[in-house]
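Here is what each chain is made of, one letter per residue.
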Amino acid sequence: YLQTWHGTPLKRLAHDIVEVENQTFYRSGMSRQQMTNTYDDDVAKYNYMIAPNPFSFEVFQSAFRINPERLIKTGYPRNDFLTNITLEEIDAIKKRFAIPKDKKVLLYAPTWRDNSYNTRGYTFELKANFHRWKEVLGDEYIVLFKPHYLIINKFEGDESLKDFVISVDANADINDLYVISDVLVTDYSSVFFDYANLNRPMYFYMFDLEEYADELRGFYFDIYAEERQYLFDHVWRQVADKFYDPKMQGVDWEYYRKVYEKFLPYINNNFDFAEM
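Note that the structure is predicted; figures quoted are calculated from it, not measured. (Residues numbered from 1 in each chain as written. Predicted model: local features only at pLDDT ≥ 70, side-chain atom pairs only at ≥ 80, totals over all residues. Heavy atoms only, no water.)

## Topic: the sheet that holds strand β7 (residues 141-145)
Rules: A strand pair is defined by DSSP finding two or more bridges across the two strands. The way it works is that DSSP assigns letters per residue, a run of H or I at least four long becomes a helix, a run of E at least two long becomes a strand, and they are numbered from the N terminus. Angles run from 0 to 180 degrees between N-to-C directions of axes, and those axes are lines fitted to C-alpha atoms, restricted for helices to the stretch in contact.
On the basis of which strands lie adjacent, the open sheet formed by 5 strands has the order β8-β7-β4-β9-β10 and parallel pairing. The two strands at the open ends of the sheet, each matched to only one other strand, are β8 (165-167) and β10 (202-204). Adjacent strand axes in the sheet meet at a mean angle of 20° when their direction is disregarded. Bridge count for strand β4 (residues 104-108) against strand β9 (residues 183-186) is 3 bridges, and the pairing is parallel. Within β9, the position partnered with leucine 106 by the bridge is valine 183.

## Digging into the sheet that holds strand β2 (residues 48-51)
Rule in force here: Contacts between residues were defined by any pair of non-hydrogen atoms, one from each residue, lying within 4.5 Å.
Taken together, 3 strands build an open sheet; the order of strands is β1-β2-β3 and the sheet is parallel. This sheet does not close on itself; its edge strands, each paired only once, are β1 (2-3) and β3 (71-73). The pairing of β1 with β2 spans 2 bridges and is classified as parallel. Paired with glutamine 3 across the strands is methionine 49, a residue of β2. Each of β2 and β3 is contacted by helix α2 (residues 54-64), which is oriented at about 135° to β2, the strand it contacts most.

## Examining the environment of methionine 35
The topology assignment puts methionine 35 in helix α1 (residues 32-43). Each C-alpha atom, one on methionine 35 and one on alanine 14, is 7.2 Å from the other, the two residues being 21 residues apart in sequence.

## Details of the nonpolar core
Condition: For our purposes a nonpolar core is just a set of buried Ala, Val, Leu, Ile, Met, Phe, Trp, Tyr and Cys residues, chained together by side-chain atoms within 4.5 Å. Only protein chains enter the accessibility calculation, which uses a 1.4 Å probe. A residue is then buried if its area is under 20% of the maximum for its type, exposed if over 50%, and partly exposed in between.
In terms of nonpolar packing, the biggest core is built from 54 residues, with Phe60, Phe64 and Leu144 touching the most fellow members. It is α2 that provides the largest number of residues to this core, a total of 6 residues. Apart from residues no more than four positions distant in its own chain, leucine 144 is found in contact with Ile99, Val105, Leu106, Leu107, Tyr108, Ile166, Val168, Leu177 and Ile180. Within the second largest apolar cluster, 16 residues are counted, among which are Leu106, Trp133, Leu137 and Val183.

## Quick look at helix α5 (residues 130-137)
For the record, the criterion: Think of the arc as the fan of directions from the helix axis to the C-beta atoms.
Within the span of α5, buried status applies to Phe130, Trp133 and Leu137. Buried residues of α5, seen end-on, are gathered within an arc of 50° and therefore sit on one face of the element.

## Structural notes on the pairing of β7
Most of β7 is tucked away: 5 of the 5 residues are buried. The alternating pattern of β7 places Tyr141, Val143 and Phe145 on one face and Ile142 and Leu144 on the opposite face, and all of these are buried. Pairing analysis gives 5 bridges linking β4 to β7, with the strands arranged parallel. Directly across from lysine 104, in β7, lies its bridge partner tyrosine 141.

## Digging into the confidence of the model for the chain
What counts, and what does not: Confidence scores per residue from the predictor, reported as pLDDT, run from 0 to 100.
Taken residue by residue, the chain gives an average pLDDT of 77. The fraction at 70 or more is 68%. Within the model, pLDDT remains below 50 along residues 226-248, and this stretch shows 64 contacts once partners closer than five positions in the same chain are excluded.

## Quick look at unusual backbone geometry
A negative phi angle is the norm for most residues apart from glycine, just as the trans form is the norm for most peptide bonds. Despite not being glycine, alanine 14 has its phi angle at roughly 45°, a positive value. The exposure class assigned to alanine 14 is buried, which follows from its relative accessible area of 0%. Even without being a glycine, alanine 98 presents a positive backbone phi close to 55°. Tracing the backbone through its elements, the reader meets alanine 98 in the loop between α4 (87-96) and β4. The exposure class assigned to alanine 98 is exposed, which follows from its relative accessible area of 61%.

Written as structure tokens, this is what we have:
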């Protein structure tokens, strides 16, 4: 049984979740002990588990209490799609989503919140002001709004935004959306680690950062400190006036290389630091 898992974690997992007084785990109302027991039961069944980078290799040992001998250091199989995609395949996906060839694509892919849950599943309160985004981005961009697959509420379309926002089904394959997008906007989702394989701009719209970091799960690293220079410098705001420079002028490439080696070393792509 090979456990491929599903992402490099920013949010703390399993045994690593910071315990808060009287904390319950919202989806099922489990206690911390009950929650960690479910992970322990799963991990006992694995023969091996993929660790997609050195960071995850360390985190998975503490979060899942798994022996390092059962961790395989290799990139996620699903990300081969990102590094092997052809321009013809990208054009075919854009055609399927009816995206005009003269438009750039912004992918907005927020994650779910542990404390936003009802009897049917997780819900998400959309805070993005797409009217404001349209004012800023004008006719140059199409926005693909892709909720996390666990989010159950539907998002009604706005007639005035029909040529600007495409609401994508929560169960759609996000790999298709990665490869056709020119820029990603997300929050705490592990999608940004996968999207980084494409070496394209990313922004972070964390409108509930304090609550998420302090009251829910906690993070594995301080997003204002070490990793921020590459991963979190470019914070999306409703009044954004320009995008991250796609040529990455002024980037400290030596620092970028160190972060890359921590999070993205086991992939097959053509990013060459020697050319920078």
